[in-house]
Amino acid sequence: MRLSKEQIDHYQEDGFLLVESALDGREVQRLREAFRRDCDVPGPQRVVEDGSDEVRAVYASHQRQPEFAGLLRDPRILEPVRQLLVDEVYVYQFKINAKPAFGGERWSWHQDYVAWRIADALPAPHQVTVGVFLDDVDEFNGPVIFVPGSHRAGLLREDRREGTAKSDQHLDPDDIALTPRQLSALVSEHGMVSPKGPAGSVVFFSPEIVHGSALNMSPFDRRLLLVTYNDAANLPSWPGEPRPEYVVCQDTTPLRTLGAPFLDTLEGAAL
């Protein structure tokens, strides 16, 4: 898949781009099955909701499930990323936010690059994140809300909140959340948009766009797969030990695009 000039211009202007139904129903079902398998794999890569055993997020599923390993090199995903960023990219982070029905928690208003600059000394915001809808997304099940154009304001904070962090291994959006005054000013100028669409839709977004989401009060899950690609010339650095491999991928080899959709490639290899 190649993006048109109009789509690229939209991304650069608003900081995000939605492509509806990029993946078909069969592909989405295989990804859901792979996610269910991965939720059963014990380890620190599983993050649960406060006060329950419900999975909040799972990191680095591409290291354990072949469907995800193929998806991140699928031409419908990787080629647009290369158009929006640079030709030489690698996967910086892979996670799936579960947002289960009847109580999937909110995610505070934040900019992703703030976390990566603090935790990994990532030199520049040369990333593109791809969100793949594993469920239909509507106004009821806690969609991601963007402040369009906010990526052009630069970083709105450069530190983390004082006090106890939610995790020693990753920065939760609460740790880097915008203040109500900052958000009110941005929304007054830019408004808010929540991309919605059927399962299989894909949203590309900037590391500097302000975004968040409300809790999921509906009876419908809202599983969102997130792959962040980084410019291969824009590597993180750490004064001490790097963050765990499941949080920040250490393999910085530039990716090569598959010759066919991920599921066709996976099934062809199995013959």
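Look above for the structure.
Computed from a predicted model, the values in this text were never measured in an experiment.

Draft legend 1. Representation of the pairing of strand 8 (residues 202-205) in the model. Side chains of strand 8 alternate between two faces, with Val202 and Phe204 and Val203 and Phe205 buried alike. Bridge count for strand 1 (residues 16-19) against strand 8 is four bridges, and the pairing is antiparallel. Residue pairing in the sheet places Val19 in a bridge with Val202 of strand 8.

Draft legend 2. Structural detail: the sheet that holds strand 4 (residues 89-97). Spatially, the seven strands line up as an open sheet ordered 1-8-6-10-4-3-2, and their pairing is antiparallel. Looking at which strands have only one partner, the edges of the open sheet turn out to be strand 1 and strand 2 (46-48). Sheet twist, expressed as the average angle between the axes of neighbouring strands with direction ignored, equals 20°. For strand 2 and strand 3 (residues 55-59), the ladder comprises three bridges, and the chain directions are antiparallel. When the sheet's bridge partners are listed, Val47 is paired in strand 3 with Ala57. Seen against the sheet, helix 1 (residues 5-14) touches strand 1, strand 6 (127-133) and strand 8 and runs at an angle of roughly 140° to strand 1. Across the sheet, helix 2 (residues 25-39) lies against strand 2, strand 3 and strand 4, angled at about 95° from strand 3, the strand it touches most.

Draft legend 3. Structural context of the pattern of salt bridges. Applying the stated criterion to the full structure yields 17 salt bridges. Across the pair Arg64 and Asp38 runs a salt bridge whose closest N-O atoms are separated by 2.7 Å. On the criterion of sequence distance, the pair formed by Arg64 in the loop between strand 3 and helix 3 (66-71) and Asp38 in helix 2 is long-range, its members being 26 residues apart. Residue Asp38 is classed as buried on the basis of its relative accessible area of 0%. Each of Arg26, Arg30, Arg37, Glu67, Asp264 and Glu267 takes part in a single network of salt bridges with overlapping partners.

About the cut-offs
- All chains use their own residue numbering, which begins from 1 and follows the written sequence.
- Reporting of local features is limited, given that this is a predicted model, to residues whose pLDDT is at least 70; pairs of side-chain atoms are given and counted only at 80 or more, and all residues count toward the totals for whole chains, interfaces and linings.
- Water and hydrogen atoms were dropped before computing side-chain values, which therefore reflect all heavy atoms in the structure.
- Each residue gets one of three labels from its accessible area relative to the maximum for its type: buried under 20%, exposed over 50%, partly exposed in between, using a 1.4 Å probe on protein chains only.
- Strands here mean DSSP runs of E at least two residues long; helices mean DSSP runs of H or I at least four residues long; both are numbered from the N terminus.
- Criterion used throughout: strands pair if DSSP finds at least two bridges between them.
- Lines fitted to C-alpha atoms define the axes here, with helix axes fitted over just the stretch in contact, and angles between the N-to-C directions of these axes take values from 0 to 180 degrees.
- Two residues qualify as a contact provided that any one of their heavy atoms is within 4.5 Å of a heavy atom in the partner residue.
- For this document, the term salt bridge refers to a Lys or Arg side-chain nitrogen within 4 Å of an Asp or Glu carboxyl oxygen.

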